[in-house]
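Given next are the chains, with one letter for each unit.
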Amino acid sequence: MTVKLTIIGSGPGGYVAAIRAAQKGMQVTVLEDSEVGGACLNRGCIPTKTLIASAEALERTRHAADFGIEVTGEVTYNLAKIRERKDKVVSTQIKGIRGLFKSWGVALIEGRGSLLSPDVVRAVQKDGITMDVKSDKVIIATGSRPAAIPGIPFDGERIISSDDAVRLMKIPKRLLIIGAGVIGSEFAFIYRALGAEVTLVELLPRALSTEDEEMSEIIEREFKKSKIKLMTDVKVERVEKTGDMVVTSLSGGKQITTEMVLVSIGRSINSDNLGLEMIGVDRGRRGELIVNEKMETTVPGIYAIGDVTGKFMLAHVASRQGLTAVENILGNEEKMDYTVVPSGIFTMPEVGSVGLREKQAVEQGIKYRVGRFPYRALGKAHAMGEITGLVKVIVDGATDKVLGMHVCGAHATDMV
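Residues numbered from 1 in each chain as written. Predicted model: local features only at pLDDT ≥ 70, side-chain atom pairs only at ≥ 80, totals over all residues. Heavy atoms only, no water.

Asks: Looking at this structure, how should I read the nonpolar core?
Replies: Side chains of a nonpolar character, in soluble globular proteins, are inclined to be buried together. Ranked by size, the top nonpolar core spans 46 residues in total, and within it Ile-7, Val-28, Phe-101, Leu-115, Ile-139, Ile-140 and Ile-302 carry the most contacts. It is helix H1 (residues 14–23) that provides the largest number of residues to this core, a total of five residues. Sequence-distant contacts of Val-28, defined by excluding residues within four places in its chain, comprise Leu-5, Ile-7, Ala-18, Ala-21, Ala-22, Gly-105, Val-106 and Ala-107. (Core = buried A, V, L, I, M, F, W, Y, C linked by side-chain atoms within 4.5 Å. Buried < 20%, exposed > 50% of the residue type's maximum accessible area, 1.4 Å probe, protein only. Helix = DSSP H or I, 4+ residues; strand = E, 2+ residues; numbered from the N terminus. Contact = heavy atoms within 4.5 Å.)

Asks: Mind showing me how you'd approach the state of the cysteines here?
Replies: Structurally, a disulfide amounts to a covalent bond that connects the sulfur atoms of two cysteines. Scanning all chains against the criterion turns up zero disulfides. Unpaired in this structure, Cys-408 has its nearest cysteine sulfur neighbour in Cys-45, at a distance of 20 Å. (Disulfide = S-S within 2.5 Å.)

Asks: I would appreciate a short explanation of the packing of helix H6 (residues 182–193) against helix H7 (residues 213–225) in the present structure.
Replies: Angle between the axes and distance between the axes: these two values describe a pair of packed helices. At a minimum axis separation of 11 Å, H6 and H7 run at an interaxial angle of 30 degrees. Here H6 lies roughly parallel to H7, going by the angle between them. Of the two elements, H6 crosses H7, and the hand of that crossing is left-handed. Residues Ser-185, Ala-188 and Phe-189 of H6 form the contact with H7, whose own contacting residues are Ile-219, Glu-222 and Phe-223. In terms of residue class, the contact of H6 with H7 is built from four nonpolar, one polar and one charged. (Axes fitted to C-alpha atoms, helices over the stretch in contact; angles between N-to-C directions. Parallel < 35°, antiparallel > 145°, perpendicular 65-115°, else oblique. Left-handed = near helix turned anticlockwise from the far one by under 90°. Nonpolar A, V, L, I, M, F, W, Y, C, P; charged D, E, K, R; others polar.)

Asks: Sorry if this is basic, but what is going on with the sheet that holds strand E1 (residues 4–8) here?
Replies: Taken in spatial order, the seven strands line up as E5-E4-E3-E2-E1-E6-E17 in an open sheet, and their pairing is mixed. What marks the edges here is a single partner per strand, and that holds for strand E5 (130–134) and strand E17 (302–304). Sheet twist, expressed as the mean angle between neighbouring strand axes with direction ignored, is 35 degrees. By the bridge criterion, six bridges tie strand E3 (residues 107–117) to strand E4 (residues 120–125) in an arrangement that is antiparallel. Residue pairing in the sheet places Ser-117 in a bridge with Val-120 of E4. Across the sheet, helix H9 (residues 315–329) is in contact with E1, strand E6 (137–140) and E17; its angle to E6 comes to roughly 170 degrees. (Pairing = 2+ DSSP bridges.)

Asks: Help me out: how do you make sense of the environment of Val-340 in this one?
Replies: The topology assignment puts Val-340 in the loop between H9 and strand E18 (343–345). Between the C-alpha atom of Val-340 and that of Ile-279, which follows or precedes it by 61 residues, the distance is 34 Å.

Asks: I'm lost on a nonpolar patch on the surface in this one. Help?
Replies: Taken together, the side chains of Phe-67, Ile-69 and Val-71 define a hydrophobic patch exposed on the protein surface, amounting to about 280 Å² of accessible area. By secondary structure assignment, the location of Ile-69 is in the loop between helix H3 (45–62) and helix H4 (79–103). Looking at Ile-69, the relative accessible area reads 48%, which means it is partly exposed. (Patch = residues over 30% accessible without salt bridge, like charges linked within 9 Å, V, L, I, M, F, W, Y side chains within 5 Å. Areas by Shrake-Rupley, 256 points an atom, 1.4 Å probe, with all protein chains shown as cover. Salt bridge = Lys/Arg side-chain N within 4 Å of Asp/Glu carboxyl O.)

Asks: When you look at the packing of aromatic side chains in this model, what are you seeing that I'm missing?
Replies: Each aromatic ring pair is specified by the distance between its two centres and by the angle formed by the two planes. Taken as a whole and assessed by the stated rule, the structure comprises three aromatic pairs. Between Phe-189 and Phe-223 the ring centres are 5.1 Å apart and the planes differ by 25 degrees, which places this aromatic pair in the stacked class. Placement of Phe-189 in helix H6 and of Phe-223 in helix H7 is noted, with a sequence separation of 34 residues between them. This pair shows no difference in class: Phe-189 is buried, exactly as Phe-223 is. Look at Phe-312 and Tyr-338: their rings are 5.8 Å apart centre to centre, the planes differ by 15 degrees, and that puts the pair in the stacked class. Taken together, the residues Phe-312 in the loop between E17 and H9 and Tyr-338 in the loop between H9 and E18 connect sequence positions 26 residues apart. On the accessibility criterion, Tyr-338 (21% relative accessible area) is partly exposed. (Phe/Tyr/Trp six-rings, centres within 6.5 Å; stacked < 30°, edge-to-face > 60°.)

This is a description of form; function is not addressed.
Take a look at the structure:
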């Protein structure tokens, strides 16, 4: 008997799961209320990497003389064309996913999905028409959205989220970024390269607080070189719009006035209005869906993958979770293992990491050794003009087993 599978959401978890399930012979229906590809393709990973590519091209051109290349006239950019290129890259990927759905017979319903029961998903389509889809199994892959500061709503123009930031309708003269994590740090370099005066404020003691401390130190030095102002151990008390400006009040009484404020304090989980309470799917304190190693929720036959599970909010993790869920739906035993998850941060320079940070090794009482190799000791780095950076390897002191690797520098994400 053919298994009927319904997937709510078509991001890197949902669409990968859909294609694999169809390849395995399932009858697959995908519900998507926005556009295939999810936040990653439309508002996150792909748009930001495209913008960073433009920013890096601009910076390389500005330093072309260092390589013996003569550029006459002022080096500038065309924002409309940068945006046009970004949109073209995104649309090409959207067409690719839609094409794969068509090739493998995946039915796509463009509408919002919710659960009426463990085996019935209701789709409210964009034209208001309601459709109930009968399923044997369900995968919830609804993702996440930019988190807002309570009492400080996004307006899309002066107080913006990362969703708004990728649209780049204008470059402000002065920009304040709240949060020096992955998203905030990436946008700091993008907007600075495009001419904005950027200030980053961070509640924690350092930028990129989830990364190894030495990697954070390098990025903080690069902020300084790029004239990006970083303020740590600072709390935002209030954000007020005054005329065409935004006044941000910080702990300690300091105020910063800018044309725009980008709030990048993390992601909120999209687990509301899914009918979960009706059928008994348990959620955690952040709203994340509780899943086991097989990606099954507390209700048999209902699985969850990607950001909505509150695990690693990374596209490749969502894809792996999707494949794992499909294998378990087929009756195969497969479990997720999060001990070796690579991650990349597309700052300038990049940061790549996998495995334990040195601080985690200390906390776990592991006797370890550290190997370090600076980029400036490498001939190719000098040839490329990219001598800023460090490769750091953490190994078990007794067995030499690699416990973690961290790279900050050119092509760091590729190497990890």
